[in-house]
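# Residue-level structural notes
The residues making up each chain are set out below.
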Amino acid sequence: MTIPMTSVQTGRFLQKSIRGFSTRTPILGCTAISSASSLTCNVAGSTSSSSPCRHYSSSSPKQGDNDTFGDGGGAGYGNVHDRMMPTSDEAQSGFMYHHCKAPKTVSIIGAPMTYGQPFVGTDSGPTLLREAGLLSHLSQLGWRVEDLPDLDFETICHPARGLSASGAASSSAINAKNSLLVGLGAKALAEVVEEKIREGRFPLILGGDHSIGIGSLAGILKAHPNIGVIWVDAHADLNTPDISESGNMHGMPIGMLMEGMTRDHHAIPGLEWLDNTGKYTNAPRLSPDCLVYVGLRDVDAAERSAIRELGIKAYTMHDIDHYGIGRVMDMALGYLLSIDPDRPLHVSYDIDAVDPTQAPATGTAVRGGLTFREAHYVAEAVAKSGALASAEVVEVNPTLSDGKGARETVDLGLQIITSLMGKSII
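Here goes a summary of the coordinates provided. (Residues numbered from 1 in each chain as written. Predicted model: local features only at pLDDT ≥ 70, side-chain atom pairs only at ≥ 80, totals over all residues. Heavy atoms only, no water.)

### With respect to the overall build of the chain
The helix and strand tally for the chain stands at 15 helices and 13 strands. By the burial criterion, 59% of the 426 residues in the chain qualify as buried. About 16300 Å² of surface is accessible on the chain, with carbon and sulfur atoms providing 50% of the total. (Helix = DSSP H or I, 4+ residues; strand = E, 2+ residues; numbered from the N terminus. Buried < 20%, exposed > 50% of the residue type's maximum accessible area, 1.4 Å probe, protein only. Areas by Shrake-Rupley, 256 points an atom, 1.4 Å probe, with all protein chains shown as cover.)

See below:
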């Protein structure tokens, strides 16, 4: 399948509200092209007009002298010298991110999905994070960086745009809004994620709303059937069309893939590829004991029942208040790695897990979330486990706050990514 992609574009909001960075220096002159089977790179000398697939190393120049938004610094971030944890502790150098092949390479996959929820703006997340200096920060941490063009959902989801009125009505009738658009986009994302994992790279997926988790998880499960998932979110995202109160698919990524939750994928337009009957007989599924929630505080009644019935491990904000974030992360990681000590881990990090005083620019903000340091500790603890093999950050939406709130949310998203990717204090 050809996976259409497009170059990252800066929207009018970014031009007016956020002064980002435009300098990106490729070191290999690589170009990503879409083919019938996979993404490939043309090494230096290529004259292809396709969108560029940029590779970086730690020798690439800094962007904006570490002044993320060009406003003089902020809360100290960017004014310190970042180092990947193994450089601080050489004994761990072969242990960190040990599921990735050497040299350790992160593949940035932009997934600017906005159809899983009702607000425009989530599609600007990948651009905002790049503009804030993501690539240079990753290279400074010691990663080789492959910056793939964003998935072009306008093209990928084009067949759904020609949907007849009766087809649209059937999608609405099953209580899964825009399921065709979300499903086609998720399938394309799953293929890219699976491919990058099989190449031995670290997929870093930038959302987009959280419905992209359907594609991220499906691709990861195909490559790593024993994956352990840490879902950092204010919400459980365990809904299905049968139990959802809103029908918004950003609340369904876990429910779509959890064993025993959704039984009739073939009846959901766009998600037939997740059905385990007919021509799709090897669709991925997530076992309840492979998932741990961290930071829950806004869970629908039907989701609460499902969590209890399936025995899913869940650490709510009440547990974080009671035990402290250090103990919670020890228990979360201990649970997943005690079942399978050699399993890889995936972190899905919804920015709404953080308290809206720290991250106001998101669509489903709920008070009483993670503090600034708790948000970082979650990422640092998973990184330090050595087992982290993939991650995604979602639901950054600059249109839902003023310019200051948008900058703060993007800045925090960037910092969380750097903590996931190995930033250490010492």
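### Examining the packing of helix α14 (residues 372–384) against helix α15 (residues 403–420)
The interhelical angle for the contact between α14 and α15, taken along N-to-C directions, is 30°, at an axis separation of 7 Å. In terms of orientation, α14 and α15 fall into the roughly parallel class. The way α14 lies across α15 gives a crossing that is right-handed. Together, F372, A375, H376, A379, E380 and A383 of α14 and L412, Q415, I416, S419 and L420 of α15 make up the contact between the two elements. (Axes fitted to C-alpha atoms, helices over the stretch in contact; angles between N-to-C directions. Parallel < 35°, antiparallel > 145°, perpendicular 65-115°, else oblique. Left-handed = near helix turned anticlockwise from the far one by under 90°. Contact = heavy atoms within 4.5 Å.)

### Concerning the pattern of salt bridges
Opposite charge on two side chains permits pairing when their charged atoms draw close. Taken as a whole, this structure holds 9 salt bridges when the rule is applied. With its nearest N and O atoms 3.1 Å apart, the salt bridge here joins R198 to E194. Linking R198 with E194, this pair stays in helix α8 (residues 179–198), spanning 4 residues, or about one helical turn. Put simply, E199 and K196 hold a salt bridge, and the shortest N to O gap is 3.1 Å. On the accessibility criterion, E199 (32% relative accessible area) is partly exposed. (Salt bridge = Lys/Arg side-chain N within 4 Å of Asp/Glu carboxyl O.)

### Focus on the packing of aromatic side chains
Within this structure, the stated rule accounts for 3 aromatic pairs. When the centroid spacing of 4.9 Å and the interplanar angle of 65° are considered together, the rings of Y97 and W143 count as edge-to-face. One end of the pair, Y97, is in the loop between α2 (85–88) and β5 (105–111); the other, W143, is in the loop between α4 (134–140) and β6 (144–147), and 46 residues separate them in sequence. Note on accessibility: Y97 and W143 belong to one class, buried. These aromatic residues form a ring-pair network of at least three members: Y97, W143 and F202. (Phe/Tyr/Trp six-rings, centres within 6.5 Å; stacked < 30°, edge-to-face > 60°.)

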